[in-house]
Every structure is written in structure tokens, then in C-alpha cells.
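What the coordinates show
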Amino acid sequence: MLIFKREPALWLALIAITVKVVSAFAIEVTDEQQTWINAAAAALVGLILAVVAHDGIGAAVLGAVQAVLALAAGFGLHWSAEQQAVVLAFATAIVGMFDRTQVTAPVPAAASRPSRPVSSL
């Protein structure tokens, strides 16, 4: 994975050019669809970089999910805004559950409990 860490812009350029070549000679892809493909590729490369760097993985995952949904919509996925929001909410919940396993509280659980009952006034 070192190659992704060193040259992300080069990989994105290669993807963009590959999309143009495939569009010119094999599959008809509109300019708008090319834009969606390149945006999704950028989000996925960002996700790969976040995983490799061990930094900001949750945000990168959500960005990649959002980009893939946009790409799917660009290619004709007919989901309502509500359906897309449900998928993004589900992805957010999964990322949140993963993040919870990766974070250590700065104070132990026992230290955060009051030592004596708090009386009501």
C-alpha cells in the first residue's frame, strides 16, 4: 500500500485518463458520468490513504459512501432523498460502532462516577 501513500494524484490521473479511453473506444460514458466516476475515485483513494495513514478513517468511509451513492445516482439509481439518507445514516451508525472500539476514554470509568450520592436540593 506504500504506492498509494506516495502518489495519490498520479493514481487519480490514471483513473481519469482510463475512464476517458474506455469512453472513447469501448463504452459510451457521458461527460457527467465521467465526472461522477472521477469523484467516486477521488473519495475511494482518500479512503485508502486514510486507512494506510490510520487517520480519519471514519470521515473517509462516510465520504466514500456518499460518493458511491452519488455515482450510482449519476448512472440511474432511482432512490429518493429519504432512501439515500437512510443508507448514509446506516453507514454512520456502522462507522460510529467501529470508532467506539478504537477510542480509549482519557478517564477510567470508575473515576467518572461520583464517590458519594448527590443530594437533591
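Residues numbered from 1 in each chain as written. Predicted model: local features only at pLDDT ≥ 70, side-chain atom pairs only at ≥ 80, totals over all residues. Heavy atoms only, no water.

1. Side note on the overall build of the chain
Applicable threshold: Numbering of helices and strands runs from the N terminus; a helix is a DSSP stretch of H or I covering at least four residues, while a strand is a stretch of E covering at least two. Exposure categories follow from relative accessible area, calculated using a 1.4 Å probe and restricted to protein chains: below 20% of the type maximum is buried, above 50% is exposed, and the middle band is partly exposed. Only heavy atoms matter for contacts: two residues are in contact if any of them lie within 4.5 Å across the pair. The method behind every accessible area is Shrake-Rupley, applied with a 1.4 Å probe, and residues are considered shielded solely by the protein chains displayed.
Scanning the chain for helices and strands turns up six helices and zero strands. The helix and strand sequence of the chain, counted from the amino end, reads α-α-α-α-α-α. Residues classed as buried in the chain amount to 17% of the 121 residues present. Restricting the contact set of the chain to residue pairs at least 6 apart, pairs at least 24 apart contribute 52%. When the accessible area of the chain is evaluated, it comes to approximately 9000 Å², of which 68% is carbon and sulfur surface.

2. Observations concerning the confidence of the model for the chain
Selection criterion: Residue-level confidence of the predictor, termed pLDDT, takes values from 0 up to 100.
Residue-level pLDDT values for the chain average 75, and 73% of them are 70 or greater. At the low end of the mean pLDDT range in the chain sits helix 1 (residues 2–6), at 57; at the high end sits helix 5 (residues 81–102), at 82.

3. Concerning a nonpolar patch on the surface
Inclusion rule: To count toward a patch, a residue needs a relative accessible area over 30% and no salt bridge; like charges are then connected within 9 Å, while nonpolar side chains (Val, Leu, Ile, Met, Phe, Trp, Tyr) are connected within 5 Å. Any carboxyl oxygen of Asp or Glu within 4 Å of a side-chain nitrogen of Lys or Arg constitutes a salt bridge here.
Side chains of Ile17, Val21 and Phe25 sit close together on the surface and give an oily, nonpolar patch of about 360 Å² of accessible area. The residue Phe25 is located in helix 2 (residues 8–25) in this model. Owing to a relative accessible area of 73%, Phe25 belongs among the exposed residues under this scheme.

4. Some points on the environment of Leu12
Mapped onto the elements, Leu12 comes out in helix 2. Sequence-wise, Leu12 and Ala39 are 27 residues apart; in three dimensions their C-alpha atoms are separated by 9.6 Å. When neighbours within four sequence positions are excluded, Leu12 is seen to be in contact with Ala41, Ala42 and Val45.

5. Re helix 4 (residues 57–74)
Note the following rule: By this rule, a helix spans an expected 1.5 Å times one less than how many residues it contains.
The first and last C-alpha atoms of helix 4 sit 25 Å apart over 18 residues, in line with the 26 Å expected at 1.5 Å per residue. Phi turns positive, to about 110 degrees, at Gly76, one or two residues after helix 4.

6. Overview of the side chain of Gln33
Within the fold, Gln33 resides in helix 3 (residues 31–53). Relative accessible area serves as the criterion here: at 16%, Gln33 is assigned to the buried category. For Gln33, the residues in contact, after removing those within four places along its chain, are Glu28, Gly74 and Phe75.

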